[in-house]
Amino acid sequence: VLAPALALAHDNGSSATDGLTNDGTITVSGLAAGATWFYRVNGATEWTESKDAQVPAGALVAGQNRIEAYQVGAGGEHSPLTSLTVTLDLSPPEAPMLQTSNGAELLNARDFINVSGIEGGAAWKFRVNGQGDWIDGHDGRIPASALVSGENRVEVVQVDAAGNAWAASSTPVRQGPAAPDLPT
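Conventions we followed
- Residues numbered from 1 in each chain as written.
- Predicted model: local features only at pLDDT ≥ 70, side-chain atom pairs only at ≥ 80, totals over all residues.
- Heavy atoms only, no water.
- Helix = DSSP H or I, 4+ residues; strand = E, 2+ residues; numbered from the N terminus.
- Rg over C-alpha atoms; globule rule 2.2 N^0.38 Å.
- Contact = heavy atoms within 4.5 Å.
- Areas by Shrake-Rupley, 256 points an atom, 1.4 Å probe, with all protein chains shown as cover.
- Core = buried A, V, L, I, M, F, W, Y, C linked by side-chain atoms within 4.5 Å.
- Buried < 20%, exposed > 50% of the residue type's maximum accessible area, 1.4 Å probe, protein only.
- Phe/Tyr/Trp six-rings, centres within 6.5 Å; stacked < 30°, edge-to-face > 60°.
- Lys NZ or Arg CZ within 6 Å of the ring centre and 35° of its normal.
- Pairing = 2+ DSSP bridges.
- Axes fitted to C-alpha atoms, helices over the stretch in contact; angles between N-to-C directions.

> Outline the overall build of the protein chain, listing residues and values.
Within the protein chain, the regular secondary structure consists of 0 helices and 16 strands. Its C-alpha atoms give the protein chain a radius of gyration of 24 Å, more than 25% over the compact-globule value 16 Å for 184 residues. Its C-alpha atoms put the protein chain at 85 × 30 × 25 Å along the principal axes. A sequence separation of at least 24 residues applies to 57% of the contacts in the protein chain between residues at least 6 apart. For the protein chain, the accessible area works out to roughly 10100 Å², and carbon and sulfur atoms hold 51% of it.

> Run through the nonpolar core, naming residues and quoting values.
Of all hydrophobic cores here, the largest spans 14 residues; its most connected members are Leu6, Ile26, Val55, Leu60, Ile67 and Val86. Residue assignment for this core shows that the elements contributing at least two residues are strand S1 (5-8), strand S3 (26-29), strand S4 (36-41), strand S7 (63-72) and strand S8 (82-88). With 12 residues, the next largest nonpolar core counts Ile113, Ile142, Ala144 and Val154 among its residues.

> Explain the packing of aromatic side chains residue by residue, including any values.
On inspection of all chains with the given rule, the structure shows 4 aromatic pairs. Look at phenylalanine 38 and tyrosine 70: their rings are 5.2 Å apart centre to centre, the planes differ by 20°, and that puts the pair in the stacked class. Of this pair, phenylalanine 38 sits in strand S4 while tyrosine 70 sits in strand S7, placing them 32 residues apart in sequence. Classification of phenylalanine 38 by relative accessible area gives buried; the value is 17%. Given a relative accessible area of 15%, tyrosine 70 falls into the buried group. Aromatic pair tryptophan 124 and phenylalanine 126: ring centres 6.2 Å apart, planes at 35°, arrangement tilted. For the residue pair tryptophan 124 and phenylalanine 126, the accessibility class agrees, reading buried in each case. Taken together, Phe38, Trp47 and Tyr70 form an aromatic cluster joined through their ring pairs. Between arginine 141 and the ring centre of phenylalanine 112, over which it is positioned, the NZ or CZ distance is 3.7 Å.

> Lay out the pairing of strand S16 (residues 169-175) in plain terms, naming residues and giving numbers.
The side-chain alternation of S16 yields one buried face, formed by Ser169, Thr171, Val173 and Gln175, and one unburied face, formed by Ser170, Pro172 and Arg174. Summarising the sheet, strand S15 (residues 150-159) and S16 pair through 7 bridges and their orientation is antiparallel. Directly across from glycine 150, in S16, lies its bridge partner glutamine 175.

> Please give an account of the environment of valine 41 that cites residues and values.
Note that valine 41 resides in strand S4. Take valine 41: its relative accessible area is 13%, and that puts it in the buried class. Taking C-alpha positions, valine 41 is 33 Å from tryptophan 124, a pair spaced 83 residues apart along the chain. Leaving out residues up to four positions away in the same chain, valine 41 has contacts with Ala59, Leu60, Asn65, Arg66 and Ile67.

> Kindly report on the sheet that holds strand S14 (residues 141-143), identifying the contributing residues and their values.
Reading across from one edge, S9-S11-S14 is the order of the 3 strands in this open sheet, with antiparallel pairing throughout. If you trace the sheet from one side to the other, it starts and ends with strand S9 (97-100) and S14, each paired once. Each neighbouring strand pair of the sheet contributes to a mean axis angle of 20°, computed without reference to strand direction.

> Could you give an account of the pairing of S1, naming the residues involved and the relevant values?
Covered by surrounding structure in S1 are Leu6 and Leu8 only, the residues Ala5 and Ala7 on the alternate face being uncovered. Pairing of S1 with S3, which is carried by 4 bridges, proceeds in the antiparallel orientation. By the bridge assignment, alanine 7 is partnered in S3 with threonine 27.

Right, here's the structure in full:
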């Protein structure tokens, strides 16, 4: 009997290979017909027999987890032990901080909104006036060109490397007329 295979059911993090997620459900595959399988988490002394092809998310704790599993074939033969290490992060990141480049609520075409307080490995997204899809942010700023003329409410959300998000930060801004080009 071969060892069963373990994998994250929903790797919600920014990388599919780092084992970092906010959903600790583990799928089990490679189970032989008629086999019984067992798992334990973090070296527990007791093994849990399971009928489902998964280790429930509730079996893991926040932080690093080592899941071990084996199966016993219909004839009583034991498979080799297999293991998977994952990090379960359930803590949302802090809300990002927003500040206009000119320190005022009125922006002209050359101004932007600074976005700061983004965790290492995290991503951020923004939208304007609660409309449309969230737009991936980059370079720590939102250009005034992303705004509509007049009143705007800009929302920014941070998504950490495990896939956790926090409530959006928002700021009211007004998009003023385009600034004329200066003579050179």
